[in-house]
Amino acid sequence: MISLLIVAALTFSTVYANDGDKKDTKAVGIKFSEGSWAAILKKAKAEKKIVFLDAYTTWCGPCKLLQKNVFTKPEVGALFNQKFINVKVDMESGEGPKLAKKYPLEGYPTLFFIDPDGKIVKQVIGYQNPETLLSIGKAIPAI
């Protein structure tokens, strides 16, 4: 009887876990690349794309709202995933402090659009709603 309960529990947990995996694969919104800043610029150059850099901190409320309410929108993801190399960097850890010296910040979040040579094309400070972020993204010229 105990072994039957264990098998039933394992079966249920496996099915439940697999359903969770399916939800993850359907995630929409901006897909952020990971890697060193040099690797991101190299990727941008190879793909002939502008880098979209979300410069954030872990304690920033508007940064969290942007991540939760804007970057997750399907229409925002569709444009940004097609047009840009997207990356988010905590400006207080890892390569963040070094990037903060290269790209001075006046507040958080700061959204940068940077060409593959590392030059700023556009800089936007503060929370942006989905419609505004889409307008900004559409106005950035392609390489």
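Remember, predicted model here, so these are calculated numbers, not experimental data.

## Comments concerning the state of the cysteines
Now for step 1: Counting across every chain of the model gives one disulfide.
Now for step 2: Paired through a disulfide, Cys-60 and Cys-63 show a sulfur-sulfur distance of 2.3 Å. In this structure the cystine formed by Cys-60 and Cys-63 twists about its S-S bond by roughly 85 degrees; its chirality is therefore right-handed.
Now for step 3: Cys-63 sits in the buried class, given a relative accessible area of 5%.

## Some points on the packing of aromatic side chains
Now for step 1: Scanning all chains against the criterion turns up 10 aromatic pairs.
Now for step 2: Aromatic pair Phe-52 and Phe-113: ring centres 5.2 Å apart, planes at 40 degrees, arrangement tilted. Of this pair, Phe-52 sits in strand β1 (residues 50-56) while Phe-113 sits in strand β3 (residues 110-114); the two residues are 61 residues apart in sequence, bridging distant segments of the chain. Assigned by exposure class, Phe-52 and Phe-113 land together as buried.
Now for step 3: Relative to Phe-113, the ring of Phe-80 lies with its centre 6.2 Å away and its plane at 50 degrees, an arrangement referred to as tilted. Pair noted here: Phe-80 is in helix α4 (residues 74-83) and Phe-113 is in strand β3, with a separation of 33 residues, a long-range link.
Now for step 4: Taking relative accessible area as the criterion, Phe-80 reaches 0% and is therefore assigned buried.
Now for step 5: Overall, Phe-113 belongs to the buried group, its relative accessible area being 0%.
Now for step 6: Among the aromatic residues, those joined into a cluster by ring pairs are Phe-32, Phe-52, Phe-71, Phe-80, Phe-84 and Phe-113.

Cut-offs used in this document
Residues numbered from 1 in each chain as written. Predicted model: local features only at pLDDT ≥ 70, side-chain atom pairs only at ≥ 80, totals over all residues. Heavy atoms only, no water. Disulfide = S-S within 2.5 Å. Buried < 20%, exposed > 50% of the residue type's maximum accessible area, 1.4 Å probe, protein only. Phe/Tyr/Trp six-rings, centres within 6.5 Å; stacked < 30°, edge-to-face > 60°. Helix = DSSP H or I, 4+ residues; strand = E, 2+ residues; numbered from the N terminus.

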